[in-house]
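Architecture at a glance
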Amino acid sequence: MSDTGMVLAAAGAFLGTHFLLSHPLRAPIVRRIGEGPFLGLYSLVAAVTLGWLVFAYRAVGPQQPWWDVGAGLWGIATLLMLAASVLLVGSLIGNPALPNPGPATEPPAEARGVFSITRHPMMWSFALWGVAHILVFPTTANIILAKAIILLALVGAALQDRKKEALQPARWRAWEARTSYWPFAAIASGRARLGGFRPHDWAGGLVLWIAATWAHIPLAGVPAGLWRWIG
């Protein structure tokens, strides 16, 4: 198998096992071995398949990019990563879409901040990460890796809605009525108003964006974000 084929196989294993264990296989396995052992099994499978994906990706030699990457694409990717950072940090507190959010993160009466943009801000932050990295590093192996992250995030978000609808039908459908899966769709339809961002959404997102883009220099040898222009 070629290096690229190995990345594709590892990505398929990572995605396939995640979706199978998160949805159709979860209930029967939990009935057989219990919740705690299942979470251990799930974590082990996720770690092994992710490790395989990372190992396969790093084993790929130099590849020809599919298109030339200029300042324009770097600028778009920089803005996407800033948006992704704000969405990610904003999703860490008060997110009712988390697997076990607890009573403190029940769906609020009004969608505010990142939740006015989408009810799955964490998942969309990962998807934006994938899009940004395809734009500026368009090699075959990297496109496979980034698309795997995008699919994991966006298909996972849709399946998460289905699971929440089954577990909390009235509560979750009411939250869906106030929010949207697609970014800005609820705002465009008048079901939500853009605003209500908390200080940590912007400040934390900005700090994460600055730190993560700086980390490209020692880790990948490529300046990203604002460091590409001020370095």
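Calculation notes
Counting restarts for each chain: residues are numbered from 1 in the order of the written sequence. Under the rules for a predicted model, residues below a pLDDT of 70 receive no local features and side-chain atom pairs below 80 are neither given nor counted, while totals for whole chains, interfaces and linings still include all residues. As a rule here, side-chain values cover all heavy atoms of the structure and leave hydrogens and water aside. Note on conventions: DSSP H or I runs of at least 4 residues are helices, E runs of at least 2 residues are strands, and numbering of each starts at the N terminus. Put simply, the radius of gyration uses C-alpha atoms, and a globule should come to 2.2 Å times the residue count raised to 0.38. Three labels apply to residues, based on accessible area from a 1.4 Å probe with only protein chains included: buried if under 20% of the type maximum, exposed if over 50%, partly exposed otherwise in between. Two residues qualify as a contact provided that any one of their heavy atoms is within 4.5 Å of a heavy atom in the partner residue. Areas reported as accessible are Shrake-Rupley estimates using a 1.4 Å probe. Residue values count occlusion only from the protein chains shown. Angles run from 0 to 180 degrees between N-to-C directions of axes, and those axes are lines fitted to C-alpha atoms, restricted for helices to the stretch in contact. Orientation is classified from the angle alone, with under 35 degrees giving roughly parallel, over 145 giving roughly antiparallel, 65 to 115 giving roughly perpendicular, and any other angle giving oblique. With the far helix as reference, a near helix turned anticlockwise by less than a right angle produces a left-handed crossing, and one turned clockwise produces a right-handed crossing. Throughout, the ten residues Ala, Val, Leu, Ile, Met, Phe, Trp, Tyr, Cys and Pro are labelled nonpolar, Asp, Glu, Lys and Arg are labelled charged, and all others, Gly among them, are labelled polar. Counting of polar contacts relies on pairs of N or O atoms within 3.5 Å, with two restrictions inside protein: one atom must be capable of donating a hydrogen and the other of accepting it, and residues adjacent in sequence are counted only when both atoms are side-chain atoms.

Points about the overall build of the chain
Scanning the chain from N- to C-terminus turns up 11 helices and zero strands. Its helices and strands in sequence order give the chain the pattern α-α-α-α-α-α-α-α-α-α-α, from N to C terminus. For a compact globule of 231 residues, the expected C-alpha radius of gyration is about 17 Å, and the chain comes in at 19 Å, within 12% of that figure. Overall, the chain is about 50 × 45 × 25 Å in size when its C-alpha atoms are taken along their principal axes. Considering the chain as a whole, with its 231 residues, one finds that 38% of them fall into the buried category. Within the chain, counting contacts between residues at least 6 apart in sequence, those at least 24 apart form 74% of the total. Accessible surface for the chain amounts to roughly 12,400 Å². Of this, 72% is attributable to carbon and sulfur atoms.

Some details on the environment of Trp229
With respect to the helices and strands, the residue Trp229 is situated in helix H11 (residues 227–230). Separated by 154 residues in sequence, Trp229 and Gly75 have C-alpha atoms that sit 10.0 Å apart.

Overview of the packing of helix H1 (residues 3–22) against helix H3 (residues 35–58)
At a minimum axis distance of 8 Å, the contact between H1 and H3 shows a crossing angle of 165 degrees. As summarised for this structure, H1 and H3 are arranged roughly antiparallel, according to the angle between their axes. Here H1 and H3 pass one another in a crossing that is left-handed. In this structure, H1 uses Met6, Val7, Ala9, Ala10, Ala11, Ala13, Phe14, Thr17, His18, Leu21 and Ser22 to contact H3, whose residues at the interface are Phe38, Tyr42, Val45, Ala46, Thr49, Leu50, Trp52, Leu53, Ala56 and Tyr57. Looking at side-chain class alone, the contact of H1 with H3 contains 17 nonpolar, four polar and no charged residues.

Looking at the side chain of Ser125
Structurally, Ser125 can be placed in helix H6 (residues 121–136). Here Ser125 falls in the buried class, since its relative accessible area comes to 3%. Looking at Ser125, its side chain comes within polar contact range of the main-chain oxygen of Met122, at 2.5 Å. Excluding residues that lie within four positions of it along the chain, Ser125 makes contacts with Ala84, Leu87 and Leu88.

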